[in-house]
Structures are given as structure tokens and as C-alpha cells.
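Structural characterization, general
Here's the letter readout for the chains.
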Amino acid sequence: MADDKIKEVLGKLQYNVAVVTVGTGGAENGLTISWLSQVSFDPPMVLIAVNRNHYSNLHLEGVGGFVVNLLRDDQKELAGRFARQSMEGESKLEGLGTQESESGAPILKDALAYLDCEVAETAETGDHNLFIGKVIGAGVLNEGAVMTSASGLRYGKS
Ligand SMILES: Cc1cc2nc3c(=O)[nH]c(=O)nc-3n(C[C@H](O)[C@H](O)[C@H](O)COP(=O)(O)O)c2cc1C
């Protein structure tokens, strides 16, 4: 099948837009994520797919947990901030209100809601790494509608 047809159909899939935060003690990072899904009821588990070239992999591979911060549909600026590549010595979290989760990763206080996850399984697939997290905590922090790819923000190949 032609690549452009595959691309066209994959482009019809809808996703949430969230910020995944990782790391502790001044070594935190975060990245905007769409490839996110619940994959188990009992125990509750979620899957994220992270491009192997992203800086965040270094954090995810070195720590035991991550937080999925669901954004509100009016938080495009925040989504954009975390969709930039990390620079040496820079923290994308600087100036943002955070609180430490049980897994150790920062929770963004401005997020709509969060899932705190303990890494349970990892796998390599194509050009992405998969991280499956057991959900060990959750909270609704603010009111509003959740951001989805319907907002116009999509994960595309750069
Ligand atoms: C709406 C949107 C969704 C994204 N979803 C993903 C994703 O699911 N997985 C991924 O690896 N990168 C995704 N990205 C790209 C990363 O957020 C971006 O490459 C970021 O710079 C990575 O940060 P890092 O270099 O600090 O790890 C997405 C970007 C946008 C704008």
C-alpha cells in the first residue's frame, strides 16, 4: 500500500494531548505526548510512546516513574513549551508551579488532571520506545475540557 494512504488514514486517529513529566531533584524534564493510551483495567495501566531520539528517553530510562499531565483545551501555549527540544542545562519546567508525586516526577499544578505512574514494562518498537506505567495515583486539579488533537495540535514527523 502507498505510504501516503497509510499516512492519510493514520492522520484520522484522535488523541489526547498531555505533558509527560519525568525526573527529580533538579533533573526534571517534560515533553508533550499524544501517543498515550490506557492498556489495562486491573491494575490500571497506561502506555506512552517516546521517539528514541528525544532527550526525555534518558530521563525515562533512568527513573522509576512518570506523570501524565492532561491539559485543558485552552493550554496550547503550555503544550508548545513542552514540544520544544530540551537545550543543554535548560529546564522546560522553570517558573511553573509543580508538586512532587509519589513516583517522584513533578505534577504540573496548572494541568487539568494527572496520572502518577510507576514504570512496569518497557519495549522498543520501530523508532519509538514504549513505557507502560502502572497508575499509582491520580487527581483532578482544575476544571475544563481535556485537550485533544481536535485542538489542532498533532504529533507529526519533523
Ligand atoms: C501535539 C503533539 C504531540 C506529540 N506527541 C508525541 C508523542 O506521543 N511521542 C513523542 O515522542 N513525541 C511527541 N511529540 C513531540 C515532542 O513533544 C517533542 O519532540 C519534544 O521536543 C521532545 O522533548 P525532549 O527533547 O525534551 O524529550 C508531540 C508534539 C506535539 C506538538
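What this report covers is the structure whose coordinates are included nearby.

Parameters at a glance
Residues numbered from 1 in each chain as written. Predicted model: local features only at pLDDT ≥ 70, side-chain atom pairs only at ≥ 80, totals over all residues. Pairing = 2+ DSSP bridges. Helix = DSSP H or I, 4+ residues; strand = E, 2+ residues; numbered from the N terminus. Axes fitted to C-alpha atoms, helices over the stretch in contact; angles between N-to-C directions. Near = placed C-beta within 6 Å. Nonpolar A, V, L, I, M, F, W, Y, C, P; charged D, E, K, R; others polar.

The strand order across the open sheet formed by 7 strands is S2-S1-S5-S8-S9-S4-S3, and the pairing between neighbours is antiparallel. Taken across any chain shown, the strands that pair with only one partner, and hence form the sheet edges, are strand S2 (29–33) and strand S3 (36–40). Averaged over all adjacent pairs, the angle separating strand axes in this sheet is 35°, with direction ignored. As paired strands, S3 and strand S4 (residues 45–51) are joined by 4 bridges and run antiparallel to one another. By the bridge assignment for S4, serine 40 is matched with methionine 45.

A separate point is the site of the ligand. Within the structure, the ligand sits among 22 residues, and Trp35, His54, Ser56, Ser86 and Tyr155 are positioned closest to it. Every element with two or more residues in the shell around the ligand is listed here: S2 and S4. For the shell around the ligand, the element with the highest residue contribution is S2, accounting for 4 residues. Taken together, the residues of the shell around the ligand sort by class into 12 nonpolar, 8 polar and 2 charged.

Here the focus is unusual backbone geometry. Residue proline 43 follows aspartate 42 across a cis peptide bond; omega there is 5°. Within the fold, proline 43 resides in the loop between S3 and S4.

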